[in-house]
Structure formats: structure tokens, C-alpha cells
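Here is what each chain is made of, one letter per residue.
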Amino acid sequence: MSSRTKRMKKTSWGARERAGMSFLIVVAFFAVFGLIILTEVLMIDDRGRAGSIIVRHGSSGGRFGESVPDYDDVKDDYLDDTGIFVRETKYGGTAVKNMLKNQKDLKNSIGISVLTDSAEPRNPPVVPWGQMLPSKIEQTLPRFPADMKPTDGSWEIVNGTRYKFFVFSAFYDRRDGKLVRVIGATKTRGPEKVWCRFWYQTGVNSTKYRSASVMARVKIIRENWNLKYSACFILCPIRGPYPEIPHAVSVVSKIRAAPGNVLMLRNTDNDPDFTNRTFSNIPNSIGVCVKPLHFNYDQALYLLEFLELNNLLGVSHFTFYNHTIGPKASCVLQHYVNGDLPQHIAPYEDASPGRARNSSSLDTSDALYHTPITKYNEDNTAQLKPKITVNILPWNLRMRSQKEIRTEGLFASLNDCLYRSMYRYSHVALIDLDEFIIPHHNDTLIDLITWLSKRINNRNTGAYSFQNAFFYLQFADDELMYTASDRQAHLRAALTTQRKTRRRSKLHPQKQRSKYICKPEAVIEAGNHFVWEFCPGRGSLNVPADAAILHHYRVCEFGGDDCIKTPSVVDRTAHRYSKRLLDRVGTVYNYLKETCSLPDIPRAPTKPPPTRKKELKIRIPLKPESDKRITEISKPQTNAISNGALTQQSVTVPVEVPSLTERA
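Residues numbered from 1 in each chain as written. Predicted model: local features only at pLDDT ≥ 70, side-chain atom pairs only at ≥ 80, totals over all residues. Heavy atoms only, no water.

Caption draft 1: Summary view of the overall build of the protein chain. Helix and strand counts for the protein chain come out as 11 helices and 29 strands. Residues counted as buried form 49% of the 664 residues belonging to the protein chain. Taking the intrachain contacts of the protein chain between residues at least 6 apart in sequence as the baseline, contacts between residues at least 24 apart amount to 78%. (Helix = DSSP H or I, 4+ residues; strand = E, 2+ residues; numbered from the N terminus. Buried < 20%, exposed > 50% of the residue type's maximum accessible area, 1.4 Å probe, protein only. Contact = heavy atoms within 4.5 Å.)

Caption draft 2: Spotlight on unusual backbone geometry. A positive phi angle, near 70°, is found at Gln402, a position not held by glycine. The residue Gln402 is located in the loop between β16 (389-394) and α7 (410-421) in this model. Given the relative accessible area of 40%, Gln402 is considered partly exposed. The phi dihedral of Arg513 falls on the positive side, at around 70°, and the residue is not glycine. Residue class for Arg513 comes out partly exposed when judged on its relative accessible area of 29%.

Caption draft 3: Up close: the nonpolar core. Counting 65 residues, the largest nonpolar core has Phe306 and Phe320 as its most contacted members. Residues contacting Phe306, with those up to four places away along its chain left out, are Val288, Val290, Phe318, Phe320, Ile431, Asp432, Leu433, Glu435 and Phe436. Within the second largest apolar cluster, 43 residues are counted, among which are Phe168, Ala231, Leu414 and Val531. (Core = buried A, V, L, I, M, F, W, Y, C linked by side-chain atoms within 4.5 Å.)

Caption draft 4: Representation of the state of the cysteines in the model. Throughout the structure, instances matching the rule amount to four disulfides. Two residues share a disulfide in this structure: Cys331 and Cys596, whose sulfurs sit 2.0 Å from each other. On the S-S bond that ties Cys331 to Cys596, the torsion sits near -70°, and the link is left-handed. Separated by 265 residues along the polypeptide, Cys331 in helix α5 (residues 327-338) and Cys596 in the loop between α11 (578-592) and β28 (612-622) bring together distant segments of the chain. Classification of Cys331 as buried rests on a relative accessible area of 18%. When its relative accessible area of 5% is taken as the criterion, Cys596 is described as buried. Residue Cys556 pairs covalently with Cys563 via a disulfide, S to S 1.7 Å. A torsion of -50° about the S-S bond marks the disulfide between Cys556 and Cys563 as left-handed. Both residues of the pair, Cys556 and Cys563, belong to the buried class. (Disulfide = S-S within 2.5 Å.)

Caption draft 5: Region of interest: the sheet that holds strand β25 (residues 539-542). On the basis of which strands lie adjacent, the open sheet formed by seven strands has the order β16-β15-β14-β17-β22-β19-β25 and mixed pairing. In this open sheet, the two strands that pair with only one neighbour each are β16 and β25. Neighbour to neighbour, the strand axes of the sheet diverge by 25° on average, direction disregarded. For strand β14 (residues 286-289) and strand β17 (residues 427-430), the ladder comprises four bridges, and the chain directions are parallel. (Pairing = 2+ DSSP bridges. Axes fitted to C-alpha atoms, helices over the stretch in contact; angles between N-to-C directions.)

Caption draft 6: Region of interest: the packing of aromatic side chains. In total, this model carries 19 aromatic pairs according to the counting rule given. Centre to centre, the rings of Tyr321 and Trp395 are 5.2 Å apart; their planes meet at 75°, and the pair counts as edge-to-face. Within this pair, whereas Tyr321 is found in strand β15 (residues 315-322), its partner Trp395 is found in the loop between β16 and α7, the two being separated by 74 residues in sequence. Just as Tyr321 is buried, Trp395 falls in that class too. Ring plane angle 75° and centroid distance 6.1 Å describe the contact between Phe436 and Tyr553, whose orientation is recorded as edge-to-face. Highlighted residues: Phe436 in strand β18 (residues 435-439) and Tyr553 in strand β26 (residues 548-554), separated in sequence by 117 residues. Judged by relative accessible area, Tyr553 falls into the buried class, the value being 4%. (Phe/Tyr/Trp six-rings, centres within 6.5 Å; stacked < 30°, edge-to-face > 60°.)

Written out as C-alpha cells, the structure reads:
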């Protein structure tokens, strides 16, 4: 055999060996990957499958002793191999498993085993989800806590859970049978089982209550970013011996323990606002829901702009949630809540335009303003300022934002506002403070919806979705800000919707950054950019961009200033409201300036920011003198070249570099 043949065989053997090794590596990779997936599946803490809890006599701790448990240092309870969550009982863990496995209807219903008496057999009855406890057992449960008053719109703890579990509000939902829907926040995967204890007053204005208990179902609200905790619904059907609607409800994890929360049930049947109104005859009005205010939000002037422009668009009520808010913004909102606002429009006026424009000094003496003069209608009657109602709810959710739960638990607030507004307003807009839904052919949003209904069959429409348009704050200010000479030029230049008119040309597609106006009674679960779940037969209507779009005023979403390089257009649609907006904002600003310590309105710019010039030094490489002869005439700018080495000539070239606002 020749040496060449030996080399070829050796090479072929080496190639096969490498191929085999690669195959083994691939197989090992997939084996490890499969093992990881299998481990994840087996170790999921999902106690939602046919869970059962053995309930014992006696409380396992006082209500106050468990009011603030240490969730990071909690002892594990017993979890059997079927995923059933049980606590230690007198029968022992093995006996409990056998009892649960012997239940015939375990696969068809979610049940809780209730131990009523030690003399009863070892197969206690199973209470399926939605079924009331027998009255005999109910009579042995803890009574209504006399030292607690029912709350509404406040985060309360659910005692005795292994993980954080809070509840905020409770609503009577009449749309699909009789149901109590509680807004809460708990573990995203495998939420713990809880009970609903209904409290019924024994008489008008009575302080004594009778109770009925039902096993609840926890439904996680979507859009949780797969974080540990999420907003949720606790669903409690009203059945059994007391079919009437309860006065309050408590959510408990241990049926024998004293409740740690009592939520007032919001029931429109007992609301005086609905005395002369039917649920099919809802007033044609719009409310706005805003996610929790955080990071000590204190932009008072922008808050005034948001309230008054939306009021011009037809919004009559606003619901806010106060996580952390600054003193100036808090003062402004409190005046709206109390209705302590001027009744007539008395517009804000700048200093004399001639003096303000011709003066280059920033002396504060030039910032004196004229005394506001009340505006009058054509019939010589004073212009009344439309009434705006505002509701602010505290938002003290004890979960770490973006680490444990998404953005201060905003989906709990959005759905709370949805159910809080149901039957009170015909439509609700779920938007942020930097967003405005601006119609193109109509003056108000109600007019827009009416206009759409005449062109599109909206009988089954439950929501109207609007495409998003970014008005980046890094874009240059509108050129009208530099030429305006009216008496409100300073105020106009201070309002974002009047100053920023350049937007990104391309709109986002529906369900991406879009926002919507919905009919609350047609929605079951509200999301941030679209509705997650409608009532049967309802859906969303995508509003054409030529009818209305969402104006979104914000900085570049990915940081930096590269967003201003995207194609853009000038959109002055919001300027249709300029005169009325300036009058209303100016009226409230003058009224609250001293009371709320609002800052002075800054001066309007008289010209665009100047173009800054920067000198760039460009180094030009020169060839050695030995390669090319250079005459004395052709090298007036060259440096002396010695030893035939390569040199460079520095040439200073002035280059105009536009400022940040001009690069648009």
C-alpha cells in the first residue's frame, strides 16, 4: 500500500471521527435541553388542577398576627404528588391523598374538602367551585369583624397565603348571571385557592351581618410579562340560600380564619345616581382611565393641558390612581376633585407682545401679566367653564414594579376603572397622560363615534381602536411658535400639543401602541393597547387613520435622538382647539398659580435655535518627495518633508452642524 493511500485513509478516518463527534455533541445538547424543559414542567407550582384544602376547626392565627406576613421566609406547606395542595390534618397526609383520589367528580370540578366534625367519616364532602357552603358549616365560621369597616379602592391583604395576595375592589357583575368580581393581584403561575365570604345586612343600616361562603376562582389578567405576580380577577358566583346581592365581601384563604379584608360591593342597584336611569339608557358621555401616577409626577401645566384638551374633546370624567405624585400636580388634581375652580372663563394674557418681543433682557419686571378679563358670549353672557369631575384613588400596592409586577400593576387599575365606569358613561378611553385621541373631521369624540355609526354598522362594536402616531419631543418646535404675536404667545409655546406638530410619517399598526375607546358593558377584560376579552358577540372596530389617530407625545422610545431621522410630516390637527384650549388652561392657571405655587410661564422663543458652527480638522496624507516631484508653486501649503518619510497636512474646514431641534 502506497504512502498516498495511507494518507487518504487516515484523512477519511479523521473526517468520520469528527462527524461522529459533532453528532454526539448535537445529541447531548438536545438531551440537556429536553431535560431542562421536563424539569420546568414537573416543578411548576400549579395548584390550579383540582386542588383541595382540608379545613379545620379553629383559626390558625389572628387576623392582625398575619396582616403583614414575611413572604420571602415562609415555610412550605404540603404538596402531594398529584399537585394537590393540602395542609396537615388529623388524618395525615397519606389519608388526605387517598380521600382526594376517591372523589368521583374530582376530574370534573374544582373542589375543596371541608372537615366539619371529628365524628364525621373520613370522606368529607367536596364543595365545587361556585357552590355555597352548607348552612350548618356556615354557622360555625367566624363572624363579621366588628372592628373593620368595608373599604373600596384600597389595597387590602389576604391572610394566610404562601405568596403575596392583595385585593382592591369588588363589583357586582350582572351580565352573565349573578357574579361578584374582585380586582386583585397575586402569583402569576399557580395562584392559590381562596374563598369569598359574602356579608348580608340583617336590616337597614344594621351593623349585624349574616354570611354565606363560596369557593372562588382566580383568573389571571393577561399582559404580565411573565413576572412573578400579576393583576387578577377573583370570581365569586352568587348562589345558594341567599340569592340576593351581598353588601360586602371578604376574600380568605383559610375558611376558618378571621377575614383580613372587607370590601364594599359596588352595586349600581343601590346607587342613587341610577335612581331614574335604566342600564339600556346610559348617558352619552365619555370617561378617561389613566394608569397609576408614579415617580412623583409633578408636571402641573401639562396636567392642566391634558384635562382641558380632553374636556374639549368631550370627556367629562377622569379616574386617576395615585402611586406617588408631586405637590403641584396633587394640588391641581385636588382642586378638580373638590370642584374648586372658576365658573367663568377668564383667559390668561402674556405681557405686552411688543415689549416682550423687542426686549432682549430677561428682567422679571417684563413678566407682569394683565388682569384676567371674563370672556362673554355673543348674547353678552359670561362664558361658563364646563364642569370636569375627577376621582383619585390611592395605589399603595406592595409589589416591586417591573421586578415583581408590571408597571405598578397597571392592569388592575385599568380594569378597576373599567368596572367602576360601567353603566355610568357610555364610553371609556384608556389612555396615558402623554396621549390624545384627535379626530380629523369632528370636534368631539362623541361626534366621531356618531359619525362612524352612520357609515359603519357598529351594532356589535365594543371598542374603537386608534393607530398610534409618535410626536417625538426631540423634533423641532413648530415654526409658528417663533412668529406668533398674540397676547397668549408665551402660554401657547408652553403647551406640548401646540408646540410639537411634527410626527413620524408611518403609523403603528393596530394593536401595536394603539389605544382605544370602549363600551364598558361590552368588555370583560381590558388590556393596555387593546381589549383582551369581549362579551359574546362584541368586537373591536379599527378606526381609519383619516378619521382619527392617537397623538403620542414622548421622547425617542429607544433612547438617544436617532428617532428624529425617521421620515416625518407636520400635523397641526390639534391647533383646531388652540383658542379654546388657551382660554381654559389660562383660566385655571391664573386661578391656581398662587394657591398651588405653579411656576411662571416661560417666554416664547423669538427665533429658532442658532446653527452652531464647528471646525473639523481633516488630515490629508502626502506622498514622499522621491515618488513625485513637487514644484515650489504647487506646494504653498505643504510642510517640509525630510528623509523621504510620509507626512500629513492638517487643513481646517468650517462645517455647519445644525442644533438638535433643527436636525429634524
